[in-house]
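For reference, the chains in residue letters:
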Amino acid sequence: MGLPLRKSKVAPPPGCPLSEVLGLLRGAWAPNVIWQLSGEPRRFGELRHDIPRISARVLSARLRELETRGLVARRVLDTSPPSAEYSLTPLGRELLPAIDALADVGKKLLDEWEASQRRGGR
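Because the structure is predicted, anything quoted here is derived from the model rather than measured. (Residues numbered from 1 in each chain as written. Predicted model: local features only at pLDDT ≥ 70, side-chain atom pairs only at ≥ 80, totals over all residues. Heavy atoms only, no water.)

## Quick word on the nonpolar core
Then step 1. The biggest cluster of nonpolar side chains holds 19 residues, and the ones touching the most others in it are Val-33, Ile-34, Leu-37, Leu-63, Leu-66, Val-72 and Tyr-86.
Then step 2. Listing elements by their share of this core, those giving two or more residues are α2 (30-36), α4 (56-68), β3 (83-88) and α6 (96-118).
Then step 3. Apart from the residues lying within four places of it in its own chain, the contact partners of Val-72 are Leu-37, Leu-63, Leu-66, Glu-67, Tyr-86, Ser-87, Leu-88 and Thr-89. (Core = buried A, V, L, I, M, F, W, Y, C linked by side-chain atoms within 4.5 Å. Buried < 20%, exposed > 50% of the residue type's maximum accessible area, 1.4 Å probe, protein only. Helix = DSSP H or I, 4+ residues; strand = E, 2+ residues; numbered from the N terminus. Contact = heavy atoms within 4.5 Å.)

Encoded structure:
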């Protein structure tokens, strides 16, 4: 039998800026989608190619969520068959420095892990 779960006695402040921005990025793959759109607008198939492990269903859901939250803009192209192009909105672009910082920390963690593996896992 484990220890009983204790509830926090400290409630997050209403309108906490950190909670708000993390809420924008919730959902698997959302930061990856934003990262891939940072360079230029991309079509759905291009994003699937850029993020190979994401399923079409999940990518479609993330794009809809990010569009609803005002981070991604969708533009229907006049092609046959019709297709759509996705790009970051100005609000979405404001998240790029934070995502870049997270990616930098992730790279350092991976580098440290690889160095540890080369040293024999110490």
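## Overview of the UniProt feature "domain: HTH hxlR-type" (unreviewed entry) in the protein
Then step 1. Under the UniProt annotation, "domain: HTH hxlR-type" (unreviewed entry) lies at residues 16-114.
Then step 2. The distance separating the terminal C-alpha atoms of residues 16-114 is 37 Å; by composition the span is 60% helix and 14% strand. (UniProt positions renumbered as here; feature names shortened; annotations may be inferred.)

## A few points about the sheet that holds strand β2 (residues 72-77)
Then step 1. On the basis of which strands lie adjacent, the open sheet formed by three strands has the order β1-β3-β2 and antiparallel pairing. Of all strands in the sheet, those with a lone pairing partner are β1 (42-43) and β2, marking the two edges.
Then step 2. Bridge analysis of β1 against β3 gives two bridges, and the strand direction is antiparallel. Paired with Arg-42 across the strands is Tyr-86, a residue of β3. (Pairing = 2+ DSSP bridges.)

## A word on unusual backbone geometry
Then step 1. In this structure, Pro-81 follows Ser-80 across a cis peptide bond, with omega equal to 0°.
Then step 2. Within the secondary structure layout, Pro-81 lies in the loop between β2 and β3.

## Things to note about the pairing of β3
Then step 1. Sheet topology note: the β2/β3 ladder contains six bridges and is antiparallel. Of the residues in β3, the one forming a bridge with Arg-75 is Glu-85.
Then step 2. Here β2 folds back onto β3, and the loop between the two strands holds five residues.

## Regarding α4
Then step 1. The first and last C-alpha atoms of α4 sit 18 Å apart over 13 residues, in line with the 18 Å expected at 1.5 Å per residue.
Then step 2. The first or second residue beyond α4 is Gly-70, which carries a positive phi of 85°. (Expected span 1.5 Å × (residues − 1).)

## Examining the side chain of Arg-69
Then step 1. Take Arg-69: it is sitting in the loop between α4 and β2.
Then step 2. Polar contacts involving the side chain of Arg-69 include one to the main-chain carbonyl oxygen of Leu-24, which spans 2.9 Å.
Then step 3. Non-local contacts of Arg-69, meaning those with residues more than four positions away in its chain, are made with Gly-23, Leu-24, Arg-26 and Leu-91. (Polar contact = N/O pair within 3.5 Å; in protein donor to acceptor, adjacent residues only side chain to side chain.)

## Topic: the side chain of Arg-62
Then step 1. With respect to the element layout, Arg-62 can be found in helix α4.
Then step 2. Ignoring any residue separated from it by four or fewer positions in sequence, one finds Arg-62 in contact with Gly-27, Ala-28, Trp-29, Ala-30 and Val-33.

## With respect to the environment of Leu-96
Then step 1. Positionally, Leu-96 belongs in helix α6.
Then step 2. By relative accessible area, Leu-96 is classed as buried at 13%.
Then step 3. Expressed as a C-alpha distance, the spacing of Leu-96 and Lys-7, which sit 89 residues apart in the sequence, is 34 Å.
Then step 4. If near-sequence neighbours (up to four positions away) are discounted, Leu-96 is found in contact with Ile-34, Ser-38 and Leu-88.

## Section: the pattern of salt bridges
Then step 1. Applying the stated criterion across every chain yields a total of seven salt bridges.
Then step 2. We note a salt bridge from Arg-62 to Glu-65, for which the minimum N-O separation is 2.9 Å. In this pair, Arg-62 and Glu-65 both sit in helix α4, three residues apart, roughly one turn of the helix.
Then step 3. Assessed through its relative accessible area of 12%, Arg-62 is described here as buried.
Then step 4. Residue class for Glu-65 comes out partly exposed when judged on its relative accessible area of 29%.
Then step 5. One network of salt bridges, with partners in common, ties together Glu-40, Arg-42 and Asp-50. (Salt bridge = Lys/Arg side-chain N within 4 Å of Asp/Glu carboxyl O.)

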